[in-house]
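In case you want the letters, here they are:
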Amino acid sequence: MISMGTWTTEEATRELLAVLPLLNRIVATEIRREIGEETTMQQFRVLAHLADSPLTLSALGRKRRVSIQSVGELVQALVERGWIIRIPDPSDRRQQLLHLTDQGRERYERAQDQALCRLAPLMDELRADEIAAVQQALPALRRVLTREEREACLGS
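Residues numbered from 1 in each chain as written. Predicted model: local features only at pLDDT ≥ 70, side-chain atom pairs only at ≥ 80, totals over all residues. Heavy atoms only, no water.

## Re the environment of Arg-86
Its location among the elements puts Arg-86 in strand S2 (residues 84-89). Put simply, Arg-86 and Ala-120 are 34 residues apart on the chain and 35 Å apart in space, counted from C-alpha to C-alpha. Non-local contacts of Arg-86, meaning those with residues more than four positions away in its chain, are made with Val-75, Gln-76, Val-79, Gln-96, Leu-97 and Leu-98. Within the local environment of Arg-86, its side chain forms a polar contact with the side chain of Gln-76, the two groups lying 3.0 Å apart. (Helix = DSSP H or I, 4+ residues; strand = E, 2+ residues; numbered from the N terminus. Contact = heavy atoms within 4.5 Å. Polar contact = N/O pair within 3.5 Å; in protein donor to acceptor, adjacent residues only side chain to side chain.)

See the structure below:
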C-alpha cells in the first residue's frame, strides 16, 4: 500500500491500476448475475456505447479500439440474443447502424442499476473528505481520458 502523503504521478497511477481490476471484478460479477452468466464485460461495454447512440460497426470498433472482426463477433452474439439490431444507415446505405433493442436497453439498464446498487454501499464507507477527493478526482480523470480517447479515435 502506498503511503497517504502527496503522491507522485507514478504512485497515483500505480494505485489506480491496483483499484481498477477490483472495480471491474465487482461490476462484471453484477453483470453476469443480472443479465446472464454468458455476458462478458466487453459485451456490456458494447451495450453501454450503443445506449448513448447508434453506431456503425467501424465506429464501435474505433471506440473499443479493437478490430472490426473482434467487434463484429461481440455484436453478433448480442444480435443473436435480440439485444442489438442492424438498421441501414440513412446517410450511407453501405453501412448499418447498430441500435439497442428495447430488450437490450432494458438488460443494460438493469445491469447498470445492479452495479450501482452493489457499489453505492461501498462508497458509503468513505469518509466525507474521501468522497470530496473522489468528487474532485473523477471528473478530472474523465476529462483527460475522454480527450485521450477522442485523439486516439481521430488518429486511427
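## Structural notes on the sheet that holds strand S3 (residues 92-100)
The strand order across the open sheet formed by 3 strands is S1-S3-S2, and the pairing between neighbours is antiparallel. The open sheet terminates on both sides in strands that have one partner only, identified here as strand S1 (55-56) and S2. (Pairing = 2+ DSSP bridges.)

## Section: the pairing of S3
In the sheet, S1 pairs with S3 via 2 bridges, with the strands oriented antiparallel. Note that in S3 the partner of Thr-56 across the bridge is Leu-97. Two strands pair when backbone bridges link them, and S2 and S3 are joined in this way by 6 bridges, in the antiparallel orientation. Among the inter-strand pairings, Ile-87 is bridged to a residue of S3, identified as Leu-97.

## Quick notes on the packing of aromatic side chains
Any two aromatic rings considered together are summarised by their centre-to-centre distance and by the angle between their planes. By the definition in use, this model includes 1 aromatic pair. The ring of Trp-83 has Arg-81 lying over it, and the distance from NZ or CZ to the ring centre is 4.8 Å. (Phe/Tyr/Trp six-rings, centres within 6.5 Å; stacked < 30°, edge-to-face > 60°. Lys NZ or Arg CZ within 6 Å of the ring centre and 35° of its normal.)

## What to know about helix H2 (residues 41-52)
Here H2 is 12 residues long and its end C-alpha atoms lie 17 Å apart, about the 16 Å a rise of 1.5 Å per residue gives. Those residues of H2 that fall on the buried side of the exposure criterion are Met-41, Gln-43, Phe-44, Val-46, Leu-47, Leu-50 and Ala-51. (Expected span 1.5 Å × (residues − 1). Buried < 20%, exposed > 50% of the residue type's maximum accessible area, 1.4 Å probe, protein only.)

## A word on a nonpolar patch on the surface
Among the surface-exposed residues, Leu-16, Leu-17, Val-19, Leu-20, Leu-23, Leu-138, Leu-141 and Leu-145 lie close enough to one another that they form a single nonpolar patch of about 650 Å² accessible area. Taken together, the elements giving at least two residues each to the nonpolar patch come down to helix H1 (9-35) and helix H6 (128-155). By the secondary structure assignment, Leu-23 is in helix H1. (Patch = residues over 30% accessible without salt bridge, like charges linked within 9 Å, V, L, I, M, F, W, Y side chains within 5 Å. Areas by Shrake-Rupley, 256 points an atom, 1.4 Å probe, with all protein chains shown as cover. Salt bridge = Lys/Arg side-chain N within 4 Å of Asp/Glu carboxyl O.)

## Quick notes on the pattern of salt bridges
A full pass over the atoms with the stated rule returns 10 salt bridges. With a shortest N-O distance of 3.9 Å, Glu-37 and Arg-32 are connected by a salt bridge. Overlapping salt bridges bring together Glu-34, Glu-106, Arg-107 and Arg-110 as one network.

## Considering the nonpolar core
Across soluble globular proteins, nonpolar side chains have a tendency to be buried as a group. Formed by 25 residues in total, the largest nonpolar core has its most connected members in Ile-31, Val-46, Leu-47, Leu-50, Leu-60, Val-75 and Ile-84. Listing elements by their share of this core, those giving two or more residues are H1, H2, helix H3 (57-64), helix H4 (68-80), S3 and helix H5 (102-124). Per-element accounting of this core gives the leading share, 6 residues, to H2. Setting aside chain neighbours within four positions, we find Leu-50 in contact with Leu-55, Ile-84, Leu-98, Leu-100 and Arg-105. (Core = buried A, V, L, I, M, F, W, Y, C linked by side-chain atoms within 4.5 Å.)

## Regarding H1
The end-to-end C-alpha separation of H1 is 38 Å, in line with the 39 Å expected for 27 residues at 1.5 Å each. Regarding H1, the residues found buried are Val-27, Ala-28, Glu-30, Ile-31 and Ile-35. For H1, the elements touching its buried residues are H2 and H5. At the exit of H1 stands Gly-36, carrying a positive phi of roughly 125°.

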